[in-house]
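Structure assessment
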Amino acid sequence: MALSPDFVKEKSMIIIDKIMSSDPYRKAKSLMVYADFRNEVRTGGLIIRALEAGKKVSVPITDVREKKLTPSRLLAYPDDLAPGAWGIPEPRPGCVRPVDPGELDLVVVPGVAFDARGNRLGYGGGFYDRFLPRTRPGAVYIAPAFEVQLVEDVFPGPHDVPVHIVVTEKRIITAGPAEPV
Ligand SMILES: Nc1ncnc2c1ncn2[C@@H]1O[C@H](COP(=O)(O)OP(=O)(O)OP(=O)(O)O)[C@@H](O)[C@H]1O
Ligand SMILES: [Mg+2]
């Protein structure tokens, strides 16, 4: 929360450029991307470019009661979105188009902190820990993060699902197998 809007804007551009140059992104036909909120790495540019490239882009809808994420196909950014649970942008009623998690090639995952093994500290709801196991084997999980979000050890629990790749403004960390897509 201490990062300035200028810092967030500038570094986000660098980070999403790196993601868009990556193999898993270029190969992905169907991807779920979080819609950024507060000072998360901004994903708007990536969403717009992916839509222009003809990729199938979905964003998660948060079901707070069931602790469940549902990917919903996005056709217009940001027009299809409105503040949802906790103020996080999500498809507004009328723009809800559920997508089977099993078809996703790439998931762009948000987080508070990461370590070099891809371990992830989220916001404490376990939403992504429940969601990611519903994707197909070979789907790639990629986390954009500012360098300051990288820590030595996140100390994961048994239910925590690590990401395969962490991309910061300084480097690309390949934490796990990320060949398929
Ligand atoms: N697959 C699961 N099945 C059942 N409970 C789970 C599962 N994954 C996580 N939980 C529960 O959810 C709670 C929150 O998990 P955790 O602290 O790892 O959240 P997080 O990864 O930071 O959150 P998020 O993914 O929403 O950003 C934990 O207490 C955990 O017991
Ligand atoms: Mg977790």
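Quick summary incoming for the structure in this document. Since this is a predicted model, take the numbers as computed values, not measurements. (Residues numbered from 1 in each chain as written. Chains lettered and ligands numbered in written order. Predicted model: local features only at pLDDT ≥ 70, side-chain atom pairs only at ≥ 80, totals over all residues.)

Quick look at the site of ligand 1
Around ligand 1, the surrounding shell consists of L121, G122, Y123, G124, G125, G126, F127, Y128, D129, R130, H159 and D160. Ranked by the residues each element gives to the shell around ligand 1, the list is headed by helix α4 (residues 127-131), at four residues. Grouping the amino acids of the shell around ligand 1 by side-chain chemistry returns four nonpolar, five polar and three charged. (Near = placed C-beta within 6 Å. Helix = DSSP H or I, 4+ residues; strand = E, 2+ residues; numbered from the N terminus. Nonpolar A, V, L, I, M, F, W, Y, C, P; charged D, E, K, R; others polar.)

Things to note about unusual backbone geometry
The residue after Y77, namely P78, is reached through a cis peptide bond having omega 0°. Here P78 is to be found in the loop between β3 (68-73) and β4 (81-83). Phi at W86 takes a positive value of approximately 60°, unusual for a residue other than glycine. Within the secondary structure layout, W86 lies in the loop between β4 and β5 (89-91). A positive phi angle, near 50°, is found at F155, a position not held by glycine.

Some points on the environment of F155
With respect to the helices, strands and loops of the structure, F155 is situated in the loop between β9 (140-144) and β10 (165-167). Separated by 141 residues in sequence, F155 and I14 place their C-alpha atoms 28 Å apart.

Some remarks on the sheet that holds strand β11 (residues 172-174)
Taking strand neighbours across the sheet as the criterion, the seven strands line up as β3-β2-β1-β6-β9-β10-β11 in an open arrangement whose pairing is mixed. Two strands close off the open sheet at either side, each with one partner strand: β3 and β11. Averaged over all adjacent pairs, the angle separating strand axes in this sheet is 25°, with direction ignored. Relative to β10, β9 runs parallel, the two being bridged by three bridges. Note that in β10 the partner of I142 across the bridge is I165. (Pairing = 2+ DSSP bridges. Axes fitted to C-alpha atoms, helices over the stretch in contact; angles between N-to-C directions.)

Here we look at helix α1 (residues 5-21)
The end-to-end C-alpha distance of α1, which contains 17 residues, comes to 24 Å, matching closely the 24 Å that a straight helix rising 1.5 Å per residue would cover. On the buried face of α1, the contacting elements are α2 (23-27), α3 (44-52), β9 and β10. (Expected span 1.5 Å × (residues − 1). Contact = placed C-beta atoms within 7 Å.)

Some remarks on the environment of G125
Tracing the chain through its elements places G125 in the loop between β8 (120-121) and α4. G125 gets classed as partly exposed once you count the C-beta atoms within 10 Å, which come to 14. The spatial distance from the C-alpha of G125 to the C-alpha of V59 is 18 Å, given a sequence separation of 66 residues. (Buried ≥ 20, exposed ≤ 12 C-beta atoms within 10 Å, placed from the backbone.)

Things to note about α3
For α3, the complete set of buried residues consists of L46, I47 and A50. Down the axis of α3, the sector holding all buried residues measures 100°, keeping them to one side. On the buried face of α3, the contacting elements are α1, β1 (30-33) and β2 (56-63). Once α3 ends, the next one or two residues include G54, with phi positive near 80°. (Arc of directions from axis to C-beta.)

As for the nonpolar core
L31, V33, L106, V107, V108, V109 and I142 are the most contacted members of the largest nonpolar core, which has 41 residues in total. Taken together, the elements giving at least two residues each to this core come down to α1, β1, α3, β2, β6 (106-108), α4, β9 and β10. Here this core takes four residues from β9, the largest share from any one element. In this view, V109 contacts Y34, R120, Y128, Y141, I142, A143 and V163; residues no more than four positions away in its chain are not counted. (Core = buried A, V, L, I, M, F, W, Y, C linked by C-beta atoms within 7 Å.)

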